[in-house]
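Structural features, examined
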Amino acid sequence: MKTLKRITALQALPIAALAIALMSRSECSAADESGISFFEQKIRPMLVEHCYACHSVEALENKKLQGALYLDSAAGVAAGGESGAVVVTGKSADSLLMKALRYDGLEMPPSGKLSDEVIADFAKWIDLGAPDPREGSVPVKPKREINLDEGRRWWAFQPLQAVKLPIAANPIDGFISIAQQSQGLKPGVPAGKEALLRRAYFDLIGLPPTPEQMAAYVADASPRAFEKVVDELLASPAYGERWARHWLDAARFAESGGYEFDRFRPGAYHYRDWVISALNSDMAYDQFVQMQLAGDVISPDSIEGAAATGFLVAGPYPGQITVKTVERIRYDQLDDMMMTIGGSMLGLTLGCARCHEHKYDPIPHQDYYALAAAMATTAHGPRPLDPDPAATALAQEKHNADQQPLLDALNAFAATELPTRFTTWQEKELSKQPAATRWQTMEPVDLEAERSYLKESAGGLIVHDGMLAAGSVVRQRGQSRKVRADEVYRLTFHTHQKNLQSLRLDAFTDGSLPARGPGLNSDGSFQLGEITVTARPINLQSKDVPKNLKLKPLFAAFEDKDQPLSNAADGRPETAWIVKTTAKKDNAAIFEFEEPLAGFDGGTELVVELTFRELGMGRLRFAFSVDPNPATWAGEVTTQHASELRAIMATHGKELPDSMRVPLARWFAPFDPETAKVFYAVRDHRAAVPRPHLQEVYTTVSGGQDVFFLRRGEVDNKAGKAEPGFLQVMWRKNEDPAVADSPAAHPRVALAKWMTDVNNGAGALLARVIVNRLWQHHLGQGIVGTPNDFGVQGDRPTHPELLEHLAQELLRQGWKLKPLHRAIMLSDVYQQSHVINPDNLKIDSANRYWWHFPPRRLEAETIRDALLAAGGNGDSLMYGASVLEDSQRRSVYLRVKRSELLPIMAIFDAPEPTQSIGKRSVTTVPTQALAMMNSPLVRQQAEKLTARIRPTADQPLSTSIVLAYQIAFGRSPSEAEQLQMTAFIEKQREAIGRDSPESTEKALTEFCHVLLCLNEFVYID
Amino acid sequence: MFNYDSAANINLPARRRFLQQAGLGFGSLALASMLREEHTATASEPVNAISLNGADPLALRAPKFPGKVKSIIWLFMTGAPSQVDTWDYKPELQKRDGETLAGSDPKTGFFTTSGKCLKSPFAWGQYGESGSWVSDLFPHLSQHVDKMCFLHSMYLKQNNHAPASLELMCGTNRPGLPALGAWMTYGLGSQNQNLPSYVVLHDTRPRGDDQIWSAGFLPKTYQALALDSRRKESIDNLTRDAKHSNQQQRTQLDLIRELNQRHAIDRATQADLAARINSFELAYRMQMAAPEALDLASETDAVHKLYGMDRPECETFSRQCLLARRLVERGVRFVQIFAGKGVDGDGSVNDVPWDCHSDVQVNHRSCGLHTDQPAAALLADLEARGLLDSTLVIWGGEFGRTSDSQGAKGRDHNPNGFTIWMAGAGVKGGFHYGATDPFGYKAVENKVHVNDLHATLLHLLGIEHTQLTYKFNGRDFRLTDVGGEVLKDILA
């Protein structure tokens, strides 16, 4: 049903055009003389004057034709243009031509709007049936029709083909060898052990082997020596750091929004960390893809799921958006996602179908929007998440358990010591306590808040003690909940006094608050939407009914006449007491109870709920009074404690019931150090509940809106809502699996499943694309030379059967990548030497058949990492927020800010992270040489290398030279090199001055500097 | 100083190949087969207009047809000046100050405008034989109107600084595309191997930053060298570490060359090895050449005075203009100056100095003081040195301003009509092309989109814009996207 609807909507356009063509012809022949005459008098002159310049056969000849629209013939009018039909015969209201003339969305003619009369004439003409005697035809531009059946025959869209395995120890070598033989090429020779080890290290972990690692390998005569190394390297955490960088290129990963403000996204690095960790754990590639498309749904509220979908939102996004541009920018954002998904996962240029049918590949325009529709409710932004909710829950459980002994101590104290201590005290001291002032500050017995951690402080003060981020999911009191953006405080107080008349709320300023407070919003303001007070008996057995107390706002120390205190007690949370202009001052509000609260037997519990807009108050205090007319009082306060004790005594006399002992502790604590000790131990412990260490992750957030099919990709040219669907060319059955499988599933989960479904989805292509990437990064060039384009414009595979075999192998290994690395690296083709066979060169100069290993330059990150490794000062700390150039951590952790790419990275061809990159360009420019010759980094590393090769002053020069070669190149120098280097060092010593005590060290630095500049240092064979 | 003939110990055939690949001798020029119809591509080779495969990407490439322009200096008036207060005189607007602006469209600006005409607060006069109207913001530049070819009907689609700057420099506003200067160098190579071919001079970095002068998907070789006036145009890593002497470094480089050559022998198919050997020599030469090119002390006092370097309000821009002349003299293809701020207190923001939202008079007066004399001096100086015959100077911002007011005295962004002018090689002088409506609000006659401007500039350089393509992610890209027409009427 869904499918049908979508296709109908999308195909309405050509069908409508056809219908009009047919109709207008018949209508025209039926049109009477007056219609034609109306056209001749009113319409034709206007068309000639205002339209023909851009919409006629002549315009075409003058190269002025716009919109492929011809208005110089009846046929042209009927055919419409790029934007579809322009005239719906008989229905001027539905005709695009009228919208254009009325400047409604389109503006025609562009030189200025025609007069209202002329526009009315056009409407009349269309309503008359658009009578039009003009002959002539529309020049037909041959339009490529997408033939899906033919498209399905393209090699990349076919199901995985069974391939006959060649007879060879490693099938990979079999395929390579067959192809070589067919070309008359001779196989390469094995690489030397040193070259091979260096190659394997840089390939898999992006770091050189140490001299010790090299020596151990060279000494290992076992036939499995190399295999062991490969396994070790695959198990190294540095593997993920190295290979994550390849994927991050494809994912156009950066940590800022680009465009004018290029806002940094502090939580974006979680995606990079997720990729590293996923690769290190050898996450199955299908899962790797699924998580990036829908991790936020598959694994909701986990940092992993959110980090993974960082993939979707890693693209650039303008920082300044207006109402005028918001929709276009939204479609640009969708396009960024489409192009990235297409390029990185499918090897398809999906972006080419944004404005029209794909010009080369069988991807109809509508398929683009069907895929994009999966992203309809996907927006981007930061989300605070607990990286380890289980640990937080555990810590909270432990904390709760730790409270029991404190409670036990309190109970024991209350049962044993408290009564006598109290009796003694009240006899001697109670009468000395001053009588209560009119305001008694209330000490809360419980504090709850939506976003804040609140704690009690002396004198009834309630102090803000930390905040939860809106949108984060937290577990509190055994319950999981999502934190709202607006604050609610729920404060519970007890009293045993009677006849409560009024309530006072103080909001204090403090240096610790934003802009000194009293509000917690960044400008110190607060907006109190509503305050409610409920009174109920403390005694749970009581049958008395709770009461919602009606509050009469009497007075606020500071209020705005437009946003007065009364807004907070009007029963309407949408109006608020807003304290903004008078923020930064202590504020107070007084409410009278409409009826005095008599109070319940056994004590009264007051629950005060404050509902704020945004954040609440940072330091507040409640007080109540039992006297009338509070508005006239000065601000003198005492705490409620003594009065509570008096009230309890008044009720119970000197014989305290057992049930009152523990509650008594609260009121007695300020007067008795021993009571205070046990009572505050419980209170303080409760306030110290462990909190989640929330981290901000830049990821998908809910938002966005319906996606529409856009003619020509123009937001003003919508043609119906787009329903989620998949590329038709990859439908295996004759219906869209999106609809067939699980129409109820989240569209991105459905997309993720389709993407990885080998039988009914894009899984076969997905597998081919990733194994090709692996091959490319190991062997310098992909089997398909265009890793991001497996379409018609891309390269064909040089070894199609090998590609199929690798893809099948990936599936056989449960989509695990590490076994595939292993298989490739254990092949002869990988292990061959770079040496060139002149005969082979004549046949295949480009080495498409891999008859020798192609040397290649290290990437920017690897060059920097190799420099750090040479100096021995690399920092192997993994993960976390990105760092700047002066750090000694691996380059994958360097900050990627779109407008400020780090020079050392940009110079050596780190790509602009704006689009998916499958293959970096490798340039050689003088600025690179300048960096090697003169940058402080390289000089510093040369000095560090010097220190490594000359640990003591008596180290023979020759030993230093050997060690330097081993560190820098993974080999020892030849005798000739040894001599030449010695001569160079001596010459440098001379230049420095042989007498200088540091001449050897300085000369060695010159020598080390040379080694770091050499091609051999930055190339691997 | 450095002679490849002394390069030792390379067997002959390998050496010959190496020399070719190192970009020496004219053999490498053969690799620069420019145009795609001339280029037979194999299946897995990108069909680019220019084959970079193994060739020195900066090797000089002959244009398809002789271009009149060798170098461009683009004076980018960052923040967008108002056309109706500079070069596009509108008597009707002057007359109807405060009246409703017919056709005022609230969608034009970035904020909201009043819909009421705001007349230009400046005095206007006619100058030159062409009688071109210029406001009194430009007492110096107005002396050169007969060299200028005005495009009064520029328009583009974006109405905020960064996207519009991207559109103006890269053809569309999508990030990740190469800028004009990168395309130029890709198309023509470099005229001076000792200096970068594409140089940006900026003060506070303009909105859009690196992306405005990005090489995009082109090889990074074509990226601009951006010189920050606040750092006195210093170039990273240009200076040898004081810890070793020039002689020591030279000895290093000689050894590097020799060892690299030995390394390259059995890797003969690796063209980039040879290029890298070459690059160290180029870097060494650049280490000498760039400080020389950037050394303004070698200019006479009279030149300093001509550019206004003695005046604090225009000191930065005058230094940038003088540098631009020196760079162009030394063969740099494209110099772009992003105008910064002159003196404080004009209410503008550093990275968009001409952005006169609150008060066009105060703001433009200050920006005029900052840019007028240096720009005029540049024209005069280039002419005196005969460089104006091969250099094109372009003046303009990323869009124009509204003819109605924002607030009482300001003007909002307006991408629908603005003026830029070009002066020098290949274009008619004292010539006015296109027009805005009587209020200067919208381009109506001979409208010129950025793509048309780019097509024309490439034409002036000897490149047919539809032929300059680069294949990236499955698509042939070009600077002019899918548009662009050469403005034949303005060609001299």
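Now for a look at the structure at hand. Everything numeric here is computed off the predicted structure, so don't read it as measured data. (Residues numbered from 1 in each chain as written. Chains lettered and ligands numbered in written order. Predicted model: local features only at pLDDT ≥ 70, side-chain atom pairs only at ≥ 80, totals over all residues.)

1. What to know about the interface of chain B and chain A
Applicable threshold: It is the C-beta atoms, placed from the backbone, that decide contacts: two residues are in contact if theirs lie within 7 Å. Working definition: helices are DSSP H or I runs of at least four residues, strands are E runs of at least two. Numbering for both runs from the N terminus. Only Asp, Glu, Lys and Arg are considered charged in this grouping, and only Ala, Val, Leu, Ile, Met, Phe, Trp, Tyr, Cys and Pro are considered nonpolar; every other residue, Gly among them, is considered polar.
If you look at the interface, chain B gives 58 residues, while chain A gives 62 residues. Listing elements by their share of the side of chain B that touches chain A, those giving two or more residues are α4 (161-170), α6 (246-265) and α7 (271-294) of chain B. At 10 residues, α6(B) tops the list of elements feeding residues into the side of chain B that touches chain A. The class makeup of the residues in the side of chain B that touches chain A is 19 nonpolar, 25 polar and 14 charged.

2. Quick notes on the packing of helix α32 (residues 936-949) of chain A against helix α33 (residues 957-969) of chain A
All names here are of chain A. Put simply, the rule is: In this description, a line fitted to the C-alpha atoms serves as the axis of each element, helices being fitted only across the stretch in contact, and the angle between N-to-C directions of two axes falls anywhere from 0 to 180 degrees. Should an angle lie under 35 degrees it is considered roughly parallel, over 145 roughly antiparallel, and from 65 to 115 roughly perpendicular; all remaining angles are considered oblique. Each helix crossing is assigned a hand: it is left-handed if the near helix lies turned anticlockwise from the far helix by less than a right angle, otherwise right-handed if that turn is clockwise.
In contact at an axis separation of 9 Å, α32 and α33 are set at 125° when each is read in the N-to-C sense. One element, α32, and the other, α33, form an angle in the oblique class. Where α32 crosses over α33, the two elements pack in a sense that is right-handed. Counted together, Leu 945, Arg 948 and Ile 949 of α32 and Ser 960, Leu 963, Ala 964 and Ile 967 of α33 form the full contact between these two elements. Split into classes, the residues belonging to the contact of α32 with α33 amount to five nonpolar, one polar and one charged.

3. Section: helix α34 (residues 975-992) of chain A
Side chains that are three or four residues apart share a direction in an α-helix, a result of its 3.6 residues per turn. Residues and elements named next belong to chain A. Definition in use: The span one expects for a helix is its residue count, reduced by one, times 1.5 Å. To assign burial, the other C-beta atoms lying within 10 Å of each residue's own C-beta are counted, with C-beta atoms placed from the backbone; 20 or more indicates buried, 12 or fewer indicates exposed, and intermediate counts indicate partly exposed. Working definition: the arc comes from the directions between the helix axis and the C-beta atoms, pointing outward to the latter.
The terminal C-alpha atoms of α34, which comprises 18 residues, lie 26 Å apart, in line with the 26 Å expected from a rise of 1.5 Å per residue. Among the residues of α34, Met 981, Phe 984, Ile 985, Gln 988, Arg 989 and Ile 992 are the ones counted as buried. In a view along the axis of α34, the buried residues occupy a sector of 140°, so they form one face of it. The exposed residues of α34 that point more than 90 degrees off its buried face are Glu 975, Ala 976, Ala 983 and Glu 990. At the exit of α34 stands Gly 993, carrying a positive phi of roughly 110°.

4. Re the pairing of strand β11 (residues 418-424) of chain B
Residue and element names in this part refer to chain B. Our working rule: When DSSP finds two or more bridges between a pair of strands, those strands are recorded as paired.
Of all seven residues in β11, seven are buried, a share of seventy percent or more. Direction of pairing for strand β4 (residues 148-155) relative to β11: antiparallel, over a ladder of five bridges. Within β11, the residue paired with Met 154 across the bridge is Phe 418. Pairing between strand β8 (residues 391-396) and β11: four bridges, direction antiparallel. Note on β11: the bridge partner recorded for Val 393 is Ala 423.

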